[in-house]
Structures are given as C-alpha cells and as structure tokens.
Amino acid sequence: MDLKEYFQRIGFTGLFEKADLDTLCTIHKLHVMSIPFENLSIHCGEKITMDLDVIYNKIVRSSRGGWCCENNYLFAWVLQEMGYKYTTLGSRVFNTIKNDFNPMDSHLINKVDIDGKAYIADVSFGVSCQIWHPLELVSGKDQSQTAGIFRLLDDGEKWVLEKTGRKPLVQNEAFANSSLIDKRLTKTIYCFSLIPRGADHFLETTHYLQTSPDSLFTNKSICSLQTKAGFRALIGWTYSEVTFDYEDGVDLVEMKEIPDREIENVLRDKFSVVLKNKLVPVNNKASYSI
C-alpha cells in the first residue's frame, strides 16, 4: 500500500506534508470525483471484505469503486498515513419506508480533528447526498455545498445529518414519477454517535448487506460518481445525470434506460469501471432514491 499510488488514483498532485483543513478538503473532493460509490461486486459474484489490503487493491490498483465500508475505511488509512488525528464512527441510515433510522450501523464515516475543531469526512454515500467537503461538527449550522445545504444536529443522544436540496426537474416525462426521484426538499440522511469503532464492528453488517434478501444492496445494483456539475448514477438499468442548481432552486435530472448490451460500455465510459466478472443488473423495489 502506497500513499502516492492512492494520490495518483484520485489525481492529487499537491503537497501533503501538513495535515491541515485545506489539504483534507482537496483530497476529500478528489476522492468522490474519482472513485465511485458502487456495490457491483455483489452482482458480479464477488465477496466484499473488510480486509484493507484487498480494498486497496480493488479501489487503487484495479480502478474500482466501493461502498462506504470500503471507501471510508481506505480513507481512514489515508488520514492515518498523512498524519491526521481521526476516529472511525458507525452511523445508521434513515429508512424512508419505516420513517426511522435502520437498527444497525451500516454506514462507516470518519471524524477528523484539526486545530481544536472536529469535522465529519464521508467519501462514500453517493448520489445527491454525497458531501464534497468535510462538514464541521457543529450543531445546527447550515453548511452550503454544491449539492445543497447540509446540517448536523445534536439532539443530546445522537448526531443527525440532514440536507436541504432543490426541486428536481426531470427531463424525460417517462421518469417523472420514478421511485428513484425524491421530491422532498429536506431529507434526513443518517445518524451517528461519537463512539470510536474498529473494522470488526462492521463485519456482521458487511455480511448482512451483501447476503440478506432484505438488504438494499442485494436488491439494487448501484454505481454513482460525482462530477464537476453534479453526479452520474446507474441503478439497475436506469442511468441518470444530475446537474446541480441548473436554474435557481432547480436541479436538472436526465434519465434513460440502458439495454443489457450497453451496460459495460456505460460503466467504462461514464464511471471508468471495468469489471472482471459479468454483472447481473438488479433494480427491485426498495427504499432508495438518487
């Protein structure tokens, strides 16, 4: 594992001798612009692991993406190598169907402490709720980013992340009522505590998410990547390109269906992902929106 090799993967060419906020913001944004949030391994017959060497080889050397337990675990190693003071945390994703947080810590994030202030770094949530820069851990503060306004709320028992976005303008009328379109302007994303978690904390979760018939990730094949203007996503056979703030208060959403024969080309051309094994796309009904 080589930090310079990781920097080459994300296109970082700056200095990294100082573990400061500006450098953290730069590598955070480059990561989400270069490395997809994706669960395609599940639908290619591959096992997802918490082995850091395996994750490194997959993401850095094989130019793949990963889900949070891969991307953010790799990012924790980057933070360590660069000399940042960090803590790995577990978070529970909000389930819109149940209108409550899921019962298990299914999402791995990192808290980074710099000059007496704490920040949440999360390079692997994907789609419209992906932060491009770390969020300062301050309750109730509106933190504006390209995707919208994020805020962290401390209710005394847990921290909650929410986002206020913009109205989606769907270009293709056939997708105007797609379940992938979330028309809520303000949405709850996940909650977390500040209890430090090691990699072992996520072993049971990792197994469940890639094997259970009730898991979102067994019901949908997902690949998303942030762009300079918004993000791209391939959910099953549905390809979307979203432009943030296309007009004042509006995000432009372009969606289309991709034939099976073109799936590999879309993954290569739009996400720079080339799979070794055959992908079987899936888009069953589940609580998920872009």
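Here, every reference points to the structure presented above.
Residues numbered from 1 in each chain as written. Predicted model: local features only at pLDDT ≥ 70, side-chain atom pairs only at ≥ 80, totals over all residues. Heavy atoms only, no water.

## Concerning the overall build of the protein chain
Move 1: The helix and strand inventory of the protein chain stands at seven helices and 15 strands.
Move 2: Relative to the compact-globule value of 19 Å for 290 residues, the protein chain shows a C-alpha radius of gyration of 18 Å, a close match.
Move 3: C-alpha extents for the protein chain along the principal axes are approximately 50 × 40 × 35 Å.
Move 4: By residue count, 54% of the 290 residues in the protein chain fall in the buried class.
Move 5: Taking all contacts inside the protein chain whose residues are at least 6 apart in sequence as the whole, residues at least 24 apart take part in 61%.
Move 6: Accessible surface, the protein chain as shown: approximately 13,400 Å² in total, 47% of it carbon and sulfur. (Helix = DSSP H or I, 4+ residues; strand = E, 2+ residues; numbered from the N terminus. Rg over C-alpha atoms; globule rule 2.2 N^0.38 Å. Buried < 20%, exposed > 50% of the residue type's maximum accessible area, 1.4 Å probe, protein only. Contact = heavy atoms within 4.5 Å. Areas by Shrake-Rupley, 256 points an atom, 1.4 Å probe, with all protein chains shown as cover.)

## Topic: helix H4 (residues 68–82)
Move 1: Here H4 contains 15 residues, and its C-alpha end-to-end distance of 20 Å stays within 8% of the 21 Å for a straight helix at 1.5 Å per residue.
Move 2: H4 sits mainly inside the fold: twelve of its 15 residues count as buried.
Move 3: Among the residues of H4, Cys68, Cys69, Glu70, Asn71, Asn72, Leu74, Phe75, Ala76, Trp77, Val78, Leu79 and Met82 are the ones counted as buried.
Move 4: Where H4 ends, the next residue or the one after it, Gly83, has phi of about 90°, a positive value. (Expected span 1.5 Å × (residues − 1).)

## So, the nonpolar core
Looking at soluble globular proteins, one finds that nonpolar side chains tend to be buried together.
Move 1: By size, the foremost hydrophobic cluster in this structure holds 72 residues, and its most contacted members are Tyr6, Phe192 and Ile290.
Move 2: The element best represented in this core is H4, accounting for eight residues.
Move 3: The contact partners of Tyr6, leaving out residues within four places of it in the chain, are Ile27, His31, Ile35, Tyr56, Val60, Leu74, Phe75, Trp77 and Val78.
Move 4: Leu40, Leu225, Tyr239 and Leu267 belong to the second largest nonpolar core, which has 13 residues in total. (Core = buried A, V, L, I, M, F, W, Y, C linked by side-chain atoms within 4.5 Å.)

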